[in-house]
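# Architecture and fold: a report
In case you want the letters, here they are:
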Amino acid sequence: SYKFWKTQPVPQFNENGGKSSGGPIKMINLDEVPKDPYPLLDGFEWGTIDPGDEKEVGELYELLSNHYVEDNDSTFRLNYSPVFLRWALTSPGWQKQWHIGVRASASQKLVAFISGSPANIKIHAQMMKVTEINFLCIHKRLRSKRLAPLLIREITRRCYLQGIYQAIYTAAAILPTPVASCRYYHRPLNWLKLYESGFSHLPANSTKARQIAKYHLPSTTQTSGLRPMEVDDLGAVHELLERYLQRFDISPTFSINELRHWLFFEADQPKEAASKRVVWVYVVEHLETRKITDFVSFYSIESTALSHSQHNVIRTAYLYYYASTESTQNLQQRLQGLINDALILAKKARFDVFNALRLQDNDLFLEKLRFGPGDGQLNYYLFNYRVDPVANEDDSDCLVSQRPGGMGVIML
Ligand code: NHW
Ligand code: EN5
């Protein structure tokens, strides 16, 4: 019945048939924003996590690796690495006070967390500074005590005090009210391991050998001019991506500096972190003009296998941003080639599966490249902003846009 969410400036499920027009839901009066943190449960205190402090990142890693998101039947739990967390929490403009922890006063043990990171998004023609909320997590023994609403209220308060009145977030949970809802698709790279760990089933009419053959990939990439992105490509990739993202209903916009962080964070990492790489980026350089015509990227998250099996972890590559200069009539073929190369490169980097959501232009290649629908969906939400009802090509009875091309935002 959404006792908490009913009180928040988000569109409610039954709102006047979706006729209200787009814009902020509530104007925030700074005089009414509390200047002090909300009181916590007895025995607990607010703290922050400094992503530059190895010990504190270790504590956050410990909390998330044991208590963060699981799939519907608890076969796997997402296991974001410490380097990944540092990457996610240190984008340009990040603030320590938006990485909020809750500690047990006596032991100082970290028992809950929520993070906010600054971002800019474009909704239709409207540019907006927002906070991206992520890594909301409560220790399993502290669940169902209404601590989540408290964390959400506290980060909201801290955003308001910084003059940020809107937020974007994703969740598998269904809350009032998604702006888009995207299914996960999975492309096996190491089918046998996925099968042995309960990630993939053996279809009734197939055999292990046929499944392995079905997902076989060539050992070398096929797009001519494809190479790892270098720092000097940043300007070209920035231009390419900004142009490509323009046509989505909701999309992020990046400064060059932000894009350097999201695509080139690795370069700043100590050498010993190389095995824990988080993001892979490739560009296509035209052999004659030397122009960058396309790029593709993916990032790494492991999942812990929770039921005893011969495998402890699944290594997953997630499709991240990509862009192409190809015009509509050639885009499909171009993307099929480009993403297939990403599959080949991910397999070489020893990933077990390649994930993508049904958004952006992914419909142009998912089926052809043998991605299959997963059992999970990701819902996208905006806080304190109503979006004009979005045209829906799939299902006119559904409030939530399933139109794949409308969503350009990717969240980690
Ligand atoms: S989604 C990942 C969320 N984390 C997990 O699923 C980890 C495992 N689960 C847990 O740790 C990515 C707990 O179950 C959590 C809930 C913490 C999920 N988002 O404390 P109570 C993100 O990080 C509502 C929002 O008793 P709990 C995005 C629920 O509907 N609300 O539950 C985060 C109910 O409210 P209702 C969620 O199980 C976005 C209330 O929480 C939710 O002990 C946050 C119950 O609270 C979810 N994923 O803890 C919003 N799951 O109204 C940001 C449940 O129904 C908003 N709930 O009574 C913007 C803020 C910034 C604004 C700035 C302008
Ligand atoms: C915050 N920014 O449900 C993000 N994963 O489909 C947090 N299923 O991996 C929110 N259940 O379908 C994250 N295999 C929300 C996602 C939560 C995790 C989640 C789903 C997504 C998932 C797998 C494993 C299911 C295990 C049993 C799945 C089928 C693969 C098959 C391969 C061959 C072709 C058909 C599909």
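It should be noted that the structure appears before, not after, this text.
The following paragraphs examine the structure supplied in this document. These figures come from a predicted structure and were not determined experimentally.

## Looking at the site of ligand 1
Neighbouring residues of ligand 1: 36 residues in total, closest Phe-4, Leu-136, Arg-143, Ala-148 and Ala-167. In terms of residue class, the shell around ligand 1 is made up of 24 nonpolar, 8 polar and 4 charged.

## Structural notes on the packing of helix 1 (residues 54-67) against helix 2 (residues 82-89)
At a minimum axis separation of 9 Å, helix 1 and helix 2 run at an interaxial angle of 105 degrees. With respect to helix 2, the axis of helix 1 lies roughly perpendicular. In this structure, helix 1 contributes Val-57, Gly-58, Leu-60 and Tyr-61 to the contact, and helix 2 contributes Pro-82, Leu-85 and Arg-86. Classifying every residue of the contact of helix 1 with helix 2 gives 5 nonpolar, 1 polar and 1 charged.

## A short note on the site of ligand 2
Around ligand 2, the structure places 22 residues, and the nearest of them are Ala-172, Tyr-184, Gly-372, Gly-374 and Gly-376. Where the shell around ligand 2 is concerned, the elements lending two or more residues are strand 6 (167-171), strand 7 (180-188) and strand 14 (372-383). Here the element with the most residues in the shell around ligand 2 is strand 14; it accounts for 5 residues. Taken domain by domain, the shell around ligand 2 gets at least three of its residues from each of domain 1 (5-168) and domain 2 (181-406).

## Considering helix 1
Taking 1.5 Å per residue, 14 residues should reach 20 Å; helix 1 reaches 20 Å between its end C-alpha atoms and fits that length. All buried positions along helix 1 are accounted for by Val-57, Leu-60, Leu-63 and Leu-64. Along helix 1, the residues classed as buried sweep out an arc of 120 degrees about the axis, all on the same side. Exposed side chains of helix 1 directed beyond 90 degrees from the buried face belong to Glu-54 and Lys-55. Against helix 2, strand 4 (110-123) and strand 5 (126-138) lie the buried residues of helix 1.

## Some thoughts on the nonpolar core
Ranked by size, the top nonpolar core spans 102 residues in total, and within it Phe-113, Phe-295, Ala-346 and Phe-354 carry the most contacts. Counting residues per element, this core draws most heavily on strand 4, which supplies 8 residues. Both domain 1 (5-168) and domain 2 (181-406) contribute no fewer than three residues apiece to this core. Excluding its chain neighbours within four sequence positions, the residues that come into contact with Phe-354 are Arg-187, Leu-189, Ala-317, Leu-319, Leu-343 and Ala-346.

## A short note on the pairing of strand 14
Here strand 6 runs beside strand 14; their pairing, made up of 5 bridges, is antiparallel. Each bridged residue has a counterpart across the sheet, and for Tyr-169 the counterpart in strand 14 is Tyr-381. In this structure, strand 7 lies alongside strand 14, joined through 6 bridges in antiparallel fashion. In the strand pairing of strand 14, His-186 is matched with Gly-372.

## Concerning the environment of Phe-76
The topology assignment puts Phe-76 in strand 2 (residues 76-79). Classification of Phe-76 by C-beta neighbours within 10 Å gives buried; the count is 21. Sequence spacing of Phe-76 and Leu-306 is 230 residues, and the spatial spacing of their C-alpha atoms is 5.4 Å. Apart from residues no more than four positions distant in its own chain, Phe-76 is found in contact with Glu-70, Asp-71, Ser-303, Thr-304, Ala-305, Leu-306 and Ile-314.

## Regarding the pairing of strand 5
As paired strands, strand 4 and strand 5 are joined by 11 bridges and run antiparallel to one another. Looking across to strand 5, one finds that Phe-113 is bridged to Cys-137. Between strand 4 and the antiparallel strand that follows it, strand 5, lie 2 residues; His-124 among them carries a positive phi value of about 50 degrees. Handedness of the strand 5-helix 3 (residues 147-161)-strand 6 crossover: right-handed.

Reading the values: the criteria
Sequence positions are assigned chain by chain, starting from 1 and proceeding in written order. A letter from A marks each chain and a number from 1 marks each ligand, given out in the order of writing. Local features in this predicted model are restricted to residues of pLDDT 70 or higher, and side-chain atom pairs are both shown and tallied only at a pLDDT of 80 or more, whereas totals for entire chains, interfaces and linings draw on every residue. Near residues are defined by distance alone, with the backbone-placed C-beta atom required to lie within 6 Å of the molecule or strand. Under this grouping Gly is polar, as are all residues other than the nonpolar Ala, Val, Leu, Ile, Met, Phe, Trp, Tyr, Cys and Pro and the charged Asp, Glu, Lys and Arg. For helices, the fitted line uses only the C-alpha atoms of the stretch in contact; every axis is such a line through C-alpha atoms, and the angle between N-to-C directions lies from 0 to 180 degrees. In DSSP terms, a helix is any run of H or I states spanning at least four residues, a strand is any run of E spanning at least two, and both are numbered starting from the N terminus. Orientation is classified from the angle alone, with under 35 degrees giving roughly parallel, over 145 giving roughly antiparallel, 65 to 115 giving roughly perpendicular, and any other angle giving oblique. Contact between residues is assigned whenever the C-beta positions, reconstructed from backbone atoms, fall within 7 Å. An automatic or database domain assignment provides the domain bounds reported here. Helix span is expected to be 1.5 Å times the residue number reduced by one. Neighbour counting defines burial: a residue surrounded by 20 or more other C-beta atoms within 10 Å of its own C-beta is buried, one with 12 or fewer is exposed, and intermediate counts give partly exposed, using backbone-placed C-beta atoms. Each C-beta atom gives one direction from the helix axis, and the arc is the one those directions make. Buried Ala, Val, Leu, Ile, Met, Phe, Trp, Tyr and Cys residues whose C-beta atoms connect them within 7 Å together make up a nonpolar core. In short, DSSP must find at least two bridges between two strands for them to pair. Here is how to tell: hold the view so the strands point away, follow the path from the first strand over the helix to the second, and if it runs clockwise the crossover is right-handed.

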